[in-house]
Amino acid sequence: MRAIIVGCGRTGAGIAEALVGSGHEVTIIDVSSTAFRRLRPDFAGSAIRGDGTDGDVLRRAGTQGADLFFALTEGDNRNVLAAQLARDVFAVKRVVAKINDPVRAEAYTSLGLNCICRTAMMVDALKRFLGMEGDPHAQRVWETIGERDKAKVTEAS
Amino acid sequence: MFIMVVGAGRVGYYLTKELLASGHEVVLIEKDPGRAAQVSADLGSIVINRDGCEGRDLESAGANRADVVVAVTGDDEDNLVICQMAKHHFNVPRTIARVDNPKNGELFRELGVSDVISATRNALAAIEQDIPMHDLLHLAQLQHGDIEVIEAQITEESPAVGQVARQLSLPDGCILFALIRGDVLEVIRSDTVLRPGDKVVALSRTDCQDDVQRLLIGDSPGQAVEA
């Protein structure tokens, strides 16, 4: 599989190395080249310095036709933009955006974007630690029905 | 109209002032407390110190009853999210986003933003007007960008030279209506013959501009500047 990852934070670097370790082709993008220090020196994927919300940068990174796209920067809105570029301009089938604001994550899930929400995950983990009832939804990627039509349905109703 | 402006930079500030002067109901949302305090000293209680990207903050500012949301922060991605949340979460009928990267314009419209404004693109258009162009010049957008007022400069090489303008086989979506010859604007008449140096002004659907360019300017190495 060919994967594009935007944002080389701990999560981005972690999943990049896991994918490379399983034999996949990985390109990771970050605005700061110092972020690539989080990767192991023998990292076998490509690391590209650039703005992952810029269509030209994504094109140069080979986003067109990629199998996987993860938007994992520290900015929810940057992830929203990068993920929609990947999905709508570069036709990547499996796209996930990290959105830490649960309200926005919920809204974009209903707009057809797969989202992962760290806030919901951590609140859920702490609740479980305290013996409170957890939310089975929280620890997963919030997957959409895979179509953008849901947004149109909401709009029409 | 109730208009919600998000982002109190210079654009948001002057926009709000103009809208208030025209008698509209306006709220201005700014997430930076310092900047919010600064503009509210001038504009008063219509300035709200909140994050326009946060669902709850938009709601408490009255997004549910806004007629228009205008997102003019300095970040394209924030403006996109503000407009998408307004449209899909709060059913705001009209959303307007500022974009700095002109290439985001088309994408934002596809993603549901009603109108996109781009100072970069406008500056580009202004520069193009002073430089001899081998491409169509995009003067103004109508119908949310589906139709444009365009200008084509006729050169010695262009295939339309010496031809009667009205007899060119233009696509259905294009009407030539005027030309600028030696700084004088003339209406195109049934016998107007095109000469080198003429600037032809036309209304054209965006999807037939390739044909228009080929007929009026000819095949050129450059491409029309994208929105």
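The preceding data block contains the structure.
The residue numbering used here restarts from 1 in each chain and proceeds along that chain's sequence as written. Throughout, the order in which chains and ligands are written sets their labels, letters from A for the former and numbers from 1 for the latter. Restriction of local features to residues with pLDDT of at least 70 applies here, the model being predicted, together with a cutoff of 80 or more for giving and counting side-chain atom pairs; totals for whole chains, interfaces and linings are based on all residues. To get the side-chain values, all heavy atoms of the structure are used, and hydrogens and water are removed first.

Trainee: Please give an account of the overall build of chain B that cites residues and values.
Mentor: Across its full length, chain B holds 7 helices and 11 strands. If you line up chain B on its principal axes, its C-alpha atoms span 65 × 30 × 30 Å. Burial here depends on accessible area, computed with a 1.4 Å probe over protein chains only, as a share of the maximum for the residue type. Under 20% is buried, over 50% is exposed, and the range in between is partly exposed. Of all 227 residues assigned to chain B, the portion counted as buried reaches 48%. The contact rule is simple, with two residues in contact once any of their heavy atoms fall within 4.5 Å. Sequence separation of at least 24 residues holds for 55% of the intrachain contacts in chain B that already meet a minimum separation of 6. Total accessible area computed for chain B in this model is approximately 11,300 Å², and 49% of it derives from carbon and sulfur atoms. We treat Lys and Arg as the positive residues and Asp and Glu as the negative residues; His and chain ends play no part in the count. Here the site of a charge means NZ on Lys, CZ on Arg, CG on Asp, or CD on Glu. Computed over 20 positive and 36 negative side-chain charges, the inter-centroid distance for chain B is 4 Å. Counting from the N terminus, the helices are DSSP H or I runs at least four residues long and the strands are E runs at least two residues long. Every accessible area reported is derived by Shrake-Rupley at a probe size of 1.4 Å, with residue values counting cover from the shown protein chains alone.

Trainee: So what's going on with the sheet that holds strand 7 (residues 137-142) of chain B? Residues and values would help.
Mentor: Residues and elements named next belong to chain B. DSSP-based pairing: two strands are paired if at least 2 bridges between them are found. The 5 strands are arranged 7-8-11-9-10 in an open sheet whose pairing can be described as antiparallel. Only two strands of the sheet have a single partner each, and these edge strands are strand 7 and strand 10 (184-187). Ignoring which end each strand starts from, the neighbouring axes of this sheet average 25 degrees apart. In this structure, strand 9 (residues 174-181) lies alongside strand 10, joined through 4 bridges in antiparallel fashion. Directly across from Ala-178, in strand 10, lies its bridge partner Val-187. Here helix 6 (residues 119-128) sits on the sheet and contacts strand 7 and strand 8 (147-153); the angle it forms with strand 7, its principal contact strand, is near 135 degrees. Interaxial angles span 0 to 180 degrees and are taken between N-to-C directions of axes, which are lines fitted to C-alpha atoms, for helices over the stretch in contact. Along the sheet face, helix 7 (residues 209-216) touches strand 7, strand 8, strand 9 and strand 11 (199-205) and points at about 15 degrees away from the line of strand 8.

Trainee: Go over the interface of chain B and chain A, please, and point to the residues and values.
Mentor: Counting from both sides, the interface comprises 21 residues of chain B and, opposite them, 21 residues of chain A. Taking both partners together, chain B and chain A bury about 1,700 Å²; carbon and sulfur atoms supply 57% of that area. Buried area counts how much accessible surface, traced with a 1.4 Å probe, disappears from two parts once they are put together, with both parts' losses summed. Interface area lost by chain B to chain A is led by Glu77(B), His88(B) and Leu107(B), which between them contribute 28%. In the sections that follow, a salt bridge refers to a side-chain nitrogen of Lys or Arg positioned within 4 Å of a carboxyl oxygen of Asp or Glu. Summed over the shared surface of chain B and chain A, the result is 2 salt bridges. Across the pair Asp56(A) and Lys103(B) runs a salt bridge, and its minimum N-O distance is 2.9 Å. Polar contact is defined as a pair of N or O atoms within 3.5 Å, subject to the rule that within protein one atom must be able to donate a hydrogen and the other to accept it, and that residues adjacent in sequence are counted only when both atoms are side-chain atoms. For the pair chain B and chain A, the number of links is 5 residue pairs in polar contact (both at pLDDT 80 or more). Of all the secondary structure elements, the ones that give two or more residues to the side of chain B that touches chain A are helix 3 (55-60), helix 4 (76-90) and helix 5 (104-110) of chain B. When residues in the side of chain B that touches chain A are grouped by element, the largest group, 9 residues, is from helix 4 of chain B.

Trainee: Now, about the pattern of salt bridges: what can you tell me, with residues and values included?
Mentor: All names here are of chain A. Summed over the entire model, instances satisfying the criterion amount to 18 salt bridges over all chains. Measuring nitrogen to oxygen at the nearest pair gives 2.7 Å for the salt bridge that ties Asp-124 to Arg-128. With Asp-124 and Arg-128 both in helix 5 (residues 118-129) and 4 residues apart, the pair spans about one turn of that helix. On the basis of relative accessible area, Arg-128 is assigned to the partly exposed category, the value being 44%.

Trainee: How would you sum up helix 4 of chain B? Please name residues and give values.
Mentor: Residue and element names in this part refer to chain B. A helix's residues, less one, multiplied by 1.5 Å, set its expected span. Between its first and last C-alpha atoms helix 4 spans 20 Å; for 15 residues at 1.5 Å apiece the expected length is 21 Å, and the two agree. Taking burial as the measure, the 15 residues of helix 4 include 12 buried ones, the bulk of the element. Taken together, the buried positions of helix 4 are Asp-76, Glu-77, Asp-78, Asn-79, Leu-80, Val-81, Ile-82, Cys-83, Gln-84, Met-85, Ala-86 and Phe-90. Phi turns positive, to about 50 degrees, at Asn-91, one or two residues after helix 4.

Trainee: Account for unusual backbone geometry, with residues named and values stated.
Mentor: Its identity is not glycine, yet Ala91(A) carries a phi of approximately 55 degrees, on the positive side. Structurally, Ala91(A) is set in the loop between helix 3 (76-89) and strand 5 (94-98). On the basis of relative accessibility, which here comes to 49%, the residue Ala91(A) falls in the partly exposed class. For Asn91(B), which is not glycine, the phi torsion reads 50 degrees and is therefore positive. Summarising the element assignment, Asn91(B) is placed in the loop between helix 4 and strand 5 (94-98).

Trainee: I'd like a description of the packing of aromatic side chains, backed by residues and values.
Mentor: Note on aromatic contacts: the rings of Phe and Tyr and the six-membered ring of Trp form a pair at centre separations within 6.5 Å, being stacked when their planes are under 30 degrees apart, edge-to-face when over 60 apart, and tilted otherwise. Scanning the entire structure with this criterion turns up 1 aromatic pair over all chains. Between the NZ or CZ atom of Arg65(B) and the centre of the ring of Phe2(B), over which it lies, the distance is 4.1 Å. We call a charge positioned over a ring when the NZ of a Lys or the CZ of an Arg lies within 6 Å of the ring centre and within 35 degrees of the ring normal.

Trainee: Tell me what's going on with the side chain of Thr27(A), and back it up with residues and numbers.
Mentor: Residues and elements named next belong to chain A. Within the secondary structure layout, Thr-27 lies in strand 2 (residues 25-30). The exposure class assigned to Thr-27 is buried, which follows from its relative accessible area of 9%. Residue contacts for Thr-27: discarding those within four places in its chain leaves Ala-3, Ile-4, Ile-5, Ser-46, Ile-48 and Ala-61.

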